[in-house]
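So the chains spell out like this:
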Amino acid sequence: MSRIPIGIVLNGVTGRMGYRQHLVRSLLAIREAGGLPSRDGSLIWPEPVLVGRNADKLAQMAQQHGLTEWTTDLGAALARPDVQIYFDAQVTQQREKAIRAAIDAGKHVYTEKPLAEDTDAAVALCRAARAAGVKHGVVQDKLFLPGLRKLKRLIDGGFFGRILSVRGEFGYWVFEGDWQAAQRPSWNYRTADGGGIVVDMFPHWQYVLEQLFAPIRSVQATVATHIQSRVDELGQQYDATADDAAYGTFELEGGIVAQINSSWAVRVRRDELVEFQVDGTHGSAVAGLRECHVQHRGTTPKPVWNPDLPVTEPFRAQWQAVPDNEPFDNGFKVQWELFLRHVVDGADFPWDFAAGARGVQLAELGLQAAREGRRIEIPALDL
Ligand SMILES: NC(=O)c1ccc[n+]([C@@H]2O[C@H](COP(=O)([O-])OP(=O)(O)OC[C@H]3O[C@@H](n4cnc5c(N)ncnc54)[C@H](O)[C@@H]3O)[C@@H](O)[C@H]2O)c1
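Computed from a prediction, not measured in an experiment: that's the story for all the values here.

What follows deals with the packing of aromatic side chains. One pass over the structure, following the stated rule, counts 15 aromatic pairs. Consider the rings of Tyr-110 and Phe-339, whose centres lie 4.8 Å apart with planes at 15°: the pair is stacked. Residue Tyr-110 is found in strand β6 (residues 108-111), and its partner Phe-339 is found in helix α8 (residues 331-345); the two are separated by 229 residues along the sequence. A relative accessible area of 1% means that Tyr-110 is categorised as buried. With a relative accessible area of 0%, Phe-339 lands in the buried category. Ring geometry for Phe-170 versus Tyr-172: centroids 6.1 Å apart, planes at 75°, classification edge-to-face. Cluster of aromatic residues (ring-pair linked, three or more members): Phe-87, Tyr-110, Phe-144, Trp-336, Phe-339, Phe-349 and Trp-351.

Here we come to the environment of Tyr-86. Within the secondary structure, Tyr-86 sits in strand β5 (residues 83-88). Tyr-86 sits in the buried class, given a relative accessible area of 0%. For Tyr-86 and Thr-68, which are 18 residues apart along the polypeptide, the C-alpha to C-alpha distance reads 17 Å. Not counting residues within four places of it along the chain, the set of residues in contact with Tyr-86 comprises Val-9, Asn-11, Leu-74, Leu-78, Ala-98, Ile-99, Ala-102, Lys-107, His-108, Val-109 and Tyr-110. At 2.9 Å, the side chain of Tyr-86 and the side chain of Asn-11 are in polar contact. There is a polar contact of 2.6 Å between the side chain of Tyr-86 and the side chain of Asp-88.

Bringing the pattern of salt bridges into the picture now. This model, assessed by the stated rule, comprises 21 salt bridges. Between Arg-153 and Glu-326 there is a salt bridge, and its shortest N-O distance comes to 3.3 Å. Remark: Glu-326 occurs in the loop between β17 (320-321) and α8 and Arg-153 occurs in helix α6 (residues 146-156); sequence separation between them is 173 residues. Look at Glu-326 and you get partly exposed, because its relative accessible area is 30%. With a shortest N-O distance of 2.6 Å, Asp-193 and Arg-190 are connected by a salt bridge. Note on Asp-193: relative accessible area 28%, which makes it partly exposed. Because the salt bridges share partners, they merge into one network encompassing Glu-69, Arg-80 and Asp-82.

Let us look at the site of the ligand. Taken together, 23 residues lie around the ligand, and Thr-14, Thr-92, Arg-95, Asp-141 and Trp-187 are the ones closest in. The side chain of Gln-94 places a nitrogen or oxygen atom 3.3 Å from a nitrogen atom of the ligand. One of the side-chain nitrogen or oxygen atoms of Lys-142 is found 3.0 Å away from an oxygen atom of the ligand. Expressed as a share of its isolated accessible area of 840 Å², the protein-covered part of the ligand is 83%.

Taken together, Glu-96, Glu-117, Asp-118, Asp-120 and Glu-364 make up a surface patch of like negative charges. Its location among the elements puts Glu-96 in helix α4 (residues 95-104).

So, on to the sheet that holds strand β15 (residues 283-287). An order of β17-β16-β15-β14-β8-β13-β12-β9-β18 is seen for the 9 strands of this open sheet, with the pairing classed as mixed. At either margin of the open sheet sits one strand with a lone partner, and together these are β17 and β18 (376-377). Looking at chain direction, strand β14 (residues 274-280) and β15 are connected through 4 bridges and run antiparallel. Bridged to Asp-279 within β15 is Ser-284. The sheet strands contacting helix α7 (residues 197-212) are β8 (163-171), β9 (216-224), β12 (245-252), β13 (257-263) and β14, and the helix crosses β12 at an angle near 25°.

This part takes up the environment of Asp-200. Take Asp-200: it is sitting in helix α7. With 159 residues separating them in the primary sequence, Asp-200 and Gly-359 have C-alpha atoms 9.9 Å apart. With residues near it in sequence (within four places) discarded, Asp-200 still touches Lys-113, Arg-184 and Trp-264. For Asp-200, the side chain forms a polar contact with the side chain of Arg-184, separated by 3.4 Å.

Core analysis: the largest hydrophobic core is formed by 79 residues, its most contacted members being Leu-151, Phe-202, Phe-213, Phe-250 and Leu-340. Listed in part, the 27 residues of the second largest apolar core include Leu-74, Ala-121, Val-138 and Ala-357.

Those residues of α6 that fall on the buried side of the exposure criterion are Pro-146, Gly-147, Leu-148, Lys-150, Leu-151, Leu-154 and Ile-155. Buried residues along α6 sit in contact with β8, α7, β14, β15 and β16 (292-296). Backbone geometry just downstream of α6 places Gly-158 in the positive-phi region, at approximately 75°.

So, how was this worked out
What you see as residue numbers is a count from 1 along each chain, following the sequence as written. Reporting of local features is limited, given that this is a predicted model, to residues whose pLDDT is at least 70; pairs of side-chain atoms are given and counted only at 80 or more, and all residues count toward the totals for whole chains, interfaces and linings. Here the side-chain values reflect all heavy atoms present in the structure, with hydrogen atoms and water set aside. Two aromatic rings, drawn from Phe, Tyr or Trp (for Trp, its six-membered ring), form a pair once their centres lie within 6.5 Å of each other, and the interplanar angle then sorts them: stacked below 30 degrees, edge-to-face above 60, tilted otherwise. Helix numbers and strand numbers start at the N terminus; a helix is a DSSP run of H or I with at least 4 residues, a strand a run of E with at least 2. Between buried and exposed lies partly exposed: a residue is buried under 20% and exposed over 50% of the maximum accessible area for its type, with that area taken using a 1.4 Å probe on protein chains only. By the convention used here, residues are in contact when the closest approach between their heavy atoms is within 4.5 Å. Counted as a polar contact is a pair of N or O atoms within 3.5 Å, where, for protein atoms, one must be capable of donating a hydrogen and the other of accepting one, and residues adjacent in sequence contribute only when both atoms are in side chains. Any Lys or Arg side-chain nitrogen located within 4 Å of an Asp or Glu carboxyl oxygen qualifies as a salt bridge. We call a residue near a given molecule or strand whenever any one of its heavy atoms falls within 4 Å of it. Computed with a 1.4 Å probe, the accessible areas rest on the Shrake-Rupley method; for each residue, only the protein chains presented here act as cover. Any residue with relative accessible area above 30% and no salt bridge may belong to a patch, with like charges joined within 9 Å and the nonpolar Val, Leu, Ile, Met, Phe, Trp and Tyr side chains within 5 Å. A residue counts as positive if it is Lys or Arg and as negative if it is Asp or Glu; His and the chain ends are not included. Charge positions come from single atoms, namely NZ of Lys, CZ of Arg, CG of Asp or CD of Glu. The criterion for strand pairing is that DSSP finds at least two bridges linking the strands in question. What counts as an axis is a line fitted to C-alpha atoms, over the stretch in contact for a helix, and the angles between N-to-C directions run from 0 to 180 degrees. We define the nonpolar core as a collection of buried residues of types Ala, Val, Leu, Ile, Met, Phe, Trp, Tyr and Cys that are connected through side-chain atoms lying within 4.5 Å of one another.

Here is the structure:
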């Protein structure tokens, strides 16, 4: 079988997302599977070019995975004629200028979210990519989670009747770093370094709400920095200036009300780190990363409020698990495969920079709504 080698610059590959999800679980996994079949039957073969700031780390990573191509010089990597795709998993603040350089070099671009630090910059990148005629995409991994795929199947099958509301609960305790090391990078907790839970999570909620339910018409939010002092990777105390919790309300087209709590200062007493409860006239569902449970209106109990009595119903036991019915692969890998087919075969890929810009817009307007203590309508972007 003939191979179609696709050179891919992976910038920020030493980071959490760049290494684990994009290099190992996606591109190397595609190679381990023997390549990705293209439309004509040849095999798309990712050829990673590792890019970062630390030569030792890159050399070690390349050696560990049997790769030969790495550099600390992004310009040199982008000048290579055998590179077709630029991928960015750097800290968000470094993204815009690197993507612009990639577009200028005529490369297709795929990137982690958020696409840019503000809406104007995201819109400008979208226009630049379109003008250059390169293909562009943004990671929207939550759409490919088994739990949300099952939820989408329920929606497509008409399970809910009329959907009324969506309640999302995301988060877990991120350690302060003093007596136990923090499990997330410290830049996330400093506004000056591009941190904050709103810019991190609202882009995800934007595409989840829009693509599963309906376009978002308005946003309201209360944000907080609950933990104001943390300790970084080097053991140094720092002031946590960025929001670490956001309590958002979103009105969707058609009257659906969505409320999503996002927090790095909450302890988990749920089945999964994110859960969405959807209530509809005919049934309800609770979807997490992997699982999804439903309750049909025909099996809905009739509780009566009486605080004098102990709980009378086994509420959790009254839900039914939605079966897999299909294999679910890693969500990042699935989206990489779609992007590679978009580049090689011209297959559809709807998660482009325009979609990425709408995610940035929701974060920006969410922060504004919180600052000004009001509900903000979301205008259509002029793309
Ligand atoms: N899709 C998702 O679910 C998801 C989850 C987490 C993070 N992300 C996104 O991925 C990106 C990276 O996040 P991460 O958690 O992997 O972060 P990380 O700190 O683990 O990695 C950041 C990478 O950027 C590089 N970098 C380049 N310039 C830098 C600079 N000036 N300062 C610090 N690092 C610099 C680092 O070397 C490293 O390789 C962010 O944009 C974040 O929003 C996405």
